[in-house]
Amino acid sequence: MISREEIKGFLTDYKKIAIATICSHSALQIFFGARQEGFKTLGICKPDARKVYDSFQLAKPDEYLMVEDYSQVLDEKFQEKLREKNAIIVPHGSFVEYVGPKNIEEKFLVPMFGNRRVLEWEGDRHKEKRWLQHANLEIPREFAPDEMDRLCIVKFHGAKGGKNFFLASSKEEFEKKTRDGDKNSAFIQEYVVGLRYYPHYFYSPVLNRVEFLGIDRRDESNIDSLNRLGLTREEIERLGSYVVTGNIPLVVRESLLPQLIEMGQKTVKSSLELFPPGMIGPFCLETICRDDLKFVTFEISARIVAGTNLYPMGSPYSCYLFGEPMSAGRRVSREIQLAKEKNELEKVIY
Ligand code: AMP
């Protein structure tokens, strides 16, 4: 694991910070926000993505660093170039996926916004569970195949975006629906009946507060449209897939806000106790609100989520925190700016 000291060492040579990330996921918002905060922006880009960024002149990076493959980010020369350009990387979902969490932890010697240690707590299912339990959040029950006594969702470790998830209610059904090679990586969770909410938070070590920035719901193909066909439960179970294709904006009734705000605070407190300096910056809880109006958290995304792309000019909640448009992307740059002014950059960079 790369040490904090090593990264701090690079920062001391930085004169004029540039905000950098891979051109994908939430990069438009990250560049747009960085520009609003007065930073230069660097986009690590593959040729086919460039036209997306060139189409939006306010959100395209000031400079492209073109690559044929994102694994090039790990080349020593490329890392050196990033440091020479005084880059601070904002890691989004695609950045973590393309570069690889282990590579980021062990080989990527470039200052990043947030706490690198969070990758291991997010990526390891057992650690993630410990983090959420330590925060006292309600999480779905887990089952071994022969314990299944209710409708369950079967997930596969490392499966991206709900790929190949399926529903099953008994060991027999689980055995029938799982290929032999997949049985050991299957992870069986109680299917929580309710409505999904994905609240976005930001923990600021500089201001010492947890901010509630917005909420979205993920649009999932094709489960979210199957009801249009009037299918039976068996047919829905057979045809349903859970691959995210978009995001929908949401607000909750106000009486649910205390619970959501407290959940974010407890998640940060737990992270500070388990892996200091904790869950720095943006994160999202993936929750289901049951009909008793209690939230069950089935996953955490420990970085900026694509659902925040809904609010490049701020959300129905962030507007009450800032007297100006504040996206999650801009909030990251604002935190870097505040830390810099207070000479506390090492608090938010690792
Ligand atoms: P995930 O990859 O864990 O984010 O899950 C993908 C999707 O599967 C979610 O967005 C939900 O629609 C669904 N899902 C996951 N876990 C549960 C659960 N425990 N109960 C009900 N639905 C779930």
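Visitor: Hey, could you go over the overall build of the protein for me, with residue numbers and the actual values?
Guide: The helix and strand tally for the protein stands at twelve helices and 13 strands. For the protein, the C-alpha radius of gyration of 21 Å lies close to 20 Å, the compact-globule estimate for 350 residues. In terms of its C-alpha atoms, the protein occupies a principal-axis envelope of roughly 60 × 45 × 40 Å. Taking all 350 residues of the protein together, 53% fall into the buried category.

Visitor: Please give an account of unusual backbone geometry that cites residues and values.
Guide: Cis geometry is adopted by the peptide bond preceding Asn222, which originates at Ser221 and carries an omega value of -5°. Position of Asn222 relative to the elements: it lies in strand E10 (residues 209–222). The peptide bond linking Pro276 to Pro277 adopts the cis configuration, its omega dihedral lying at 5°. By the secondary structure assignment, Pro277 is in the loop between helix H11 (257–274) and strand E12 (281–289).

Visitor: Can you tell me about the site of the ligand, naming the residues and giving the values?
Guide: In the neighbourhood of the ligand, 17 residues make up the surrounding shell, with Lys155, Tyr198, Glu220, Glu286 and Glu299 lying closest. A distance of 3.0 Å separates a nitrogen atom of the ligand from a polar atom in the side chain of Gln189. In this structure, a nitrogen atom belonging to the ligand sits 3.0 Å away from a main-chain N or O atom of Glu190. Notes on the ligand: free accessible area 480 Å², of which the protein chains cover 95%. Those elements that provide at least two residues to the shell around the ligand are strand E6 (152–156), strand E8 (186–190), strand E9 (195–204), E12 and strand E13 (295–301). If you count residues domain by domain, the shell around the ligand takes at least three from each of domain 2 (123–137 + 193–221 + 243–323) and domain 3 (142–190).

Visitor: Let's hear about the pairing of E12: which residues, and what values?
Guide: Of all the nine residues making up E12, nine are buried; the element is thus mostly covered by neighbouring parts of the structure. Here E9 runs beside E12; their pairing, made up of seven bridges, is antiparallel. Each bridged residue has a counterpart across the sheet, and for Tyr197 the counterpart in E12 is Thr287. Across six bridges, the pairing between E12 and E13 is antiparallel. Residue pairing in the sheet places Glu286 in a bridge with Glu299 of E13. Counted between consecutive antiparallel strands, the loop separating E12 from E13 contains five residues, among which Leu293 sits at a positive phi close to 65°.

Visitor: So what about the packing of aromatic side chains? Which residues, and what values?
Guide: Applying the stated criterion to the full structure yields twelve aromatic pairs. Ring centres of Phe31 and Tyr53 lie 6.2 Å apart, and the angle between their planes is 75°; on these two criteria the pair is classed as edge-to-face. Of this pair, Phe31 sits in helix H2 (residues 27–36) while Tyr53 sits in helix H3 (residues 47–54), and the two are 22 residues apart along the sequence. With centroids separated by 5.1 Å and ring planes inclined at 20°, the aromatic side chains of Trp121 and Phe275 adopt a geometry described as stacked. Placement of the pair is Trp121 in helix H7 (residues 118–123) and Phe275 in the loop between H11 and E12, with a sequence separation of 154 residues. Pair check on accessibility: Trp121 and Phe275 agree, each one buried. Taken together, the ring pairs connect Tyr201, Phe212, Phe283 and Tyr317 into an aromatic cluster. Stacked on the ring of Phe187, the Lys or Arg Arg125 has its end atom at 3.8 Å from the ring centre.

Visitor: Summarise a negative patch on the surface; cite the residues concerned and give the values.
Guide: Taken together, the side chains of Asp75, Glu76, Glu80 and Glu84 make up a negatively charged region of the molecular surface. When you line up the elements, Glu80 lands in helix H4 (residues 76–84). Residue Glu80 is classed as partly exposed on the basis of its relative accessible area of 37%.

Visitor: Just give me the short version of the sheet that holds strand E2 (residues 40–45), but keep the residues and values in it.
Guide: Read from one edge to the other, the open sheet built from four strands follows the order E3-E2-E1-E4, with strand pairing classed as parallel. If you trace the sheet from one side to the other, it starts and ends with strand E3 (63–66) and strand E4 (87–89), each paired once. Neighbour-to-neighbour, the strand axes of the sheet open up by a mean angle of 30°, direction not taken into account. Bridge analysis of strand E1 (residues 18–22) against E2 gives five bridges, and the strand direction is parallel. Pairing of Thr21 across the sheet is with Gly43, part of E2.

Visitor: Hey, could you go over the state of the cysteines for me, with residue numbers and the actual values?
Guide: Tallied over the entire structure, the rule returns zero disulfides. Unpaired in terms of disulfides, Cys45 finds its nearest cysteine sulfur in Cys23, a separation of 3.9 Å. The exposure class assigned to Cys45 is buried, which follows from its relative accessible area of 0%. Here Cys319 stays free of any disulfide, with the sulfur of Cys284 as its closest cysteine sulfur at 19 Å.

Definitions and cut-offs
- Residues numbered from 1 in each chain as written.
- Predicted model: local features only at pLDDT ≥ 70, side-chain atom pairs only at ≥ 80, totals over all residues.
- Heavy atoms only, no water.
- Helix = DSSP H or I, 4+ residues; strand = E, 2+ residues; numbered from the N terminus.
- Rg over C-alpha atoms; globule rule 2.2 N^0.38 Å.
- Buried < 20%, exposed > 50% of the residue type's maximum accessible area, 1.4 Å probe, protein only.
- Near = heavy atom within 4 Å.
- Polar contact = N/O pair within 3.5 Å; in protein donor to acceptor, adjacent residues only side chain to side chain.
- Areas by Shrake-Rupley, 256 points an atom, 1.4 Å probe, with all protein chains shown as cover.
- Domains from an automatic or database assignment.
- Pairing = 2+ DSSP bridges.
- Phe/Tyr/Trp six-rings, centres within 6.5 Å; stacked < 30°, edge-to-face > 60°.
- Lys NZ or Arg CZ within 6 Å of the ring centre and 35° of its normal.
- Patch = residues over 30% accessible without salt bridge, like charges linked within 9 Å, V, L, I, M, F, W, Y side chains within 5 Å.
- Salt bridge = Lys/Arg side-chain N within 4 Å of Asp/Glu carboxyl O.
- Lys, Arg positive; Asp, Glu negative; His and termini not counted.
- Charge placed at Lys NZ, Arg CZ, Asp CG, Glu CD.
- Axes fitted to C-alpha atoms, helices over the stretch in contact; angles between N-to-C directions.
- Disulfide = S-S within 2.5 Å.

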